[in-house]
Amino acid sequence: MDKNFKEELTQIIKFEPPLYKQRYQFVKDLVEKYKPKKVADLGCADCSLLWMLKFCSCIEVLAGLDICANVMKEKMHTLSPLPVDYLQPSERSLTVTLHHGSVAHKDPCMLGFDLVTCIELIEHLEESELKKFPEVVFGFMAPSIVVISTPNSEFNSLLPRVMLYRHPDHKFEWSQAEFQSWALEIARCYDYSVEFTGVGHPPTGMEKVGFCTQIGVFFRKYPQTGESVQSEKPMEAVYKTVFKAVYPSLKDEKYLQNAVINEVIFTAQIIKHRLMSKREEYSDDPERKSRFQPSMDCFSDYLGKLVVEKNMEPFVSGNEVYIPLTTIFSFPKVNRLCGTFEKLCKLIAGKVTLSSDGSAVMFNIEHENEEN
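Below: a short report on this structure. Computed from a predicted model, the values in this text were never measured in an experiment. (Residues numbered from 1 in each chain as written. Predicted model: local features only at pLDDT ≥ 70, side-chain atom pairs only at ≥ 80, totals over all residues. Heavy atoms only, no water.)

**Remarks on unusual backbone geometry**
Rule in force here: A run of H or I in DSSP becomes a helix once it reaches four residues, and a run of E becomes a strand once it reaches two; helices and strands are each numbered from the N terminus. When accessible area is computed with a 1.4 Å probe and restricted to protein chains, residues below 20% of their type maximum are described as buried, those above 50% as exposed, and intermediate ones as partly exposed.
Residues glutamate 16 and proline 17 are joined by a peptide bond in cis, for which omega reads -5°. As for its placement among the helices and strands, proline 17 is situated in the loop between helix H1 (3-12) and helix H2 (19-34). You will see that alanine 142, though not glycine, has its phi angle at about 45°, which is positive. Within the secondary structure, alanine 142 is located in the loop between helix H6 (127-141) and strand E5 (145-151). We classify alanine 142 as buried; its relative accessible area is 5%.

Next up, the structure:
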């Protein structure tokens, strides 16, 4: 390649979006495709990837591990629940935990994960740590999928100001052949298959250089048995937990009850408003009012005997409005939250004003008028 062209090229290479965002997006796309419930990010650093993944609805457990506790602590607050998470709890559960420790050590808290990511991690490992890394991740943790990304040294000649390595803490940077040889040997030893790809496309005409960041995606060939996991489980933990957040979830009875009560009251208020608006229409028209009034008197006759029959339409009797629970339960959101009518009755018992037989939500419009 012409030297002048090469020098010109190093000045214009720019990735959009930035390369780190492309790496994170690659992981997110993988999550959306395979729907893992438990994901661990080794070498999580400032928790940026974990923050992105916490919005993936399939994930219920997120864990981060890094050798530098201070870096995690600076940004770990971004993983805490926000006020809106309590006001509108998610239907899924989510627990986020950060651990301080080395990927060269085994800890039982890292067992049972579906996906493990190692984004720009291995090049920071000392030789002794790199030797232990495959056994810890593929032998001990043994997740269904492992994603490893690392710089492609063949691309470095196209990057400005890169003399030897891209970062002063890098212990090595591999060519495509070196990374693939290492990855294929791991896959062979631990019964995984591996696919190679990357992010950061090379310039046109330089395709042989490969991606700026090379990626290996490992898939475990055979499911791991509970016995094999238990047999390798260490007796005690070696990582230090520096952060843990449990997000409010509708799987928690407390949050579910609050959500159901709020939705029942909201739905009943909407029905009441429509009913009262219709009643006012009849009141404004004497002829229509005469047709409406007998039905109201009929309802009053039944009061004290049977306030609301099952499946009866909402109605007004005196200063009270009755909204049958069966009507409220038929609304999609209430139905989805409760699942069964019996569950609805149980969750709102003692929390919502009901008719004497418990079959309808009751409002006193006289009190409402006084307040207004």
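Picking up after the structure, the text goes on.
**Re the nonpolar core**
Where we set the bar: We call a set of buried Ala, Val, Leu, Ile, Met, Phe, Trp, Tyr and Cys residues a nonpolar core when their side-chain atoms join them within 4.5 Å. Working rule for contacts: check all heavy atoms of both residues, and any pair within 4.5 Å makes them a contact.
With 42 residues, the main nonpolar core has Leu53, Ile59, Leu98 and Val147 as its most contacted residues. Among the elements of the structure, H2, helix H3 (48-53), strand E3 (95-100), strand E4 (115-119), E5, strand E7 (213-220) and strand E8 (240-246) are those that each provide at least two residues to this core. Ranked by the residues each element gives to this core, the list is headed by H2, at 6 residues. Once you skip the residues sitting within four places of it in the chain, isoleucine 59 turns out to touch Val31, Pro36, Lys37, Val39, Leu53, Arg92, Ser93 and Leu94. Of all hydrophobic cores here, the second largest spans 33 residues; its members include Leu42, Leu130, Phe138 and Ala142.

**Concerning helix H13 (residues 341-348)**
Spelled out, the test is: The arc in question is the one traced by the directions running from the helix axis out to the C-beta atoms.
The set of residues buried in H13 consists of Leu344, Leu347 and Ile348. For H13, the buried positions fall inside an angular range of 85° around the axis, keeping them on one side. Residues of H13 that are exposed and point over 90 degrees away from its buried face: Glu342 and Lys346. Directly after H13, the chain includes glycine 350, whose backbone phi takes a positive value near 80°.

**Re the sheet that holds strand E10 (residues 320-324)**
Selection rule: Pairing between strands is defined by DSSP: at least two bridges between them are needed. All axes are obtained by fitting lines to C-alpha atoms, using only the stretch in contact for helices, and the reported angles, taken between N-to-C directions, cover 0 to 180 degrees.
The strand order E9-E10-E11 describes an open sheet built from 3 strands, whose pairing is antiparallel. Edge positions in the sheet fall to strand E9 (315-317) and strand E11 (360-364), since each of these pairs with one other strand and no more. The mean inter-strand angle of the sheet, taken between neighbouring strand axes irrespective of direction, is 25°. Of the pairings in the sheet, the one linking E10 to E11 comprises 5 bridges and is antiparallel in character. Bridge pairing in E11 places glutamate 320 opposite asparagine 364.

**Details of the environment of leucine 184**
Relative to the elements of secondary structure, leucine 184 occurs in helix H7 (residues 176-189). Considered as a pair, leucine 184 and glutamate 195 are 11 residues apart in the sequence and their alpha carbons are 9.3 Å apart. Once residues within four sequence positions are removed from consideration, leucine 184 is found in contact with Val194 and Phe196.

**Describing the environment of leucine 125**
By the element assignment, leucine 125 lies in the loop between E4 and H6. By relative accessible area, which is 6% here, leucine 125 ends up buried. Apart from residues no more than four positions distant in its own chain, leucine 125 is found in contact with Val103, Leu130, Phe133, Lys171 and Phe172.

**Things to note about H2**
Our working definition: A helix is expected to span 1.5 Å multiplied by its residue count minus one.
End to end, H2 covers 23 Å across 16 residues, agreeing with the expected 22 Å (1.5 Å per residue, within 8%). Residues of H2 that are buried include every one of Leu19, Gln22, Arg23, Tyr24, Phe26, Val27, Leu30 and Val31, and no others. Residues of H2 that are buried make contact with H3, E4, E5, strand E6 (192-199) and E7. Following H2 by one or two positions, lysine 35 has its phi on the positive side, about 55°.

**Here we look at the packing of aromatic side chains**
The following threshold applies: Under the pairing criterion, centres of Phe, Tyr and Trp rings, with the six-membered ring standing for Trp, must be within 6.5 Å; the plane angle then separates stacked pairs below 30 degrees from edge-to-face pairs above 60, leaving the rest tilted. For a Lys NZ or an Arg CZ to count as sitting over a ring, it must be within 6 Å of the ring centre and within 35 degrees of the ring normal.
Inspection of the entire model under this criterion finds 15 aromatic pairs. A centroid spacing of 4.5 Å and a plane angle of 35° characterise the contact between phenylalanine 172 and tryptophan 174, whose relative ring orientation is tilted. Aromatic ring contacts, followed pair by pair, group Phe133, Phe172, Trp174, Phe179, Trp182 and Phe196 into a single cluster. If you follow lysine 272 out to its NZ or CZ, it ends over the ring of phenylalanine 363, 5.1 Å from the centre.

**Notes on the sheet that holds strand E2 (residues 61-66)**
The 8 strands lie next to each other as E6-E7-E5-E4-E1-E2-E3-E8, forming an open sheet whose pairing is mixed. Unpaired on one side and paired on the other, E6 and E8 mark the two borders of the sheet. Averaged over all adjacent pairs, the angle separating strand axes in this sheet is 15°, with direction ignored. Examined bridge by bridge, E2 and E3 share 6 bridges and lie parallel to one another. The partner of aspartate 66 across the bridge, within E3, is histidine 100. Sitting on the sheet, H7 touches E5, E6 and E7, and the angle it makes with E6 is about 155°.

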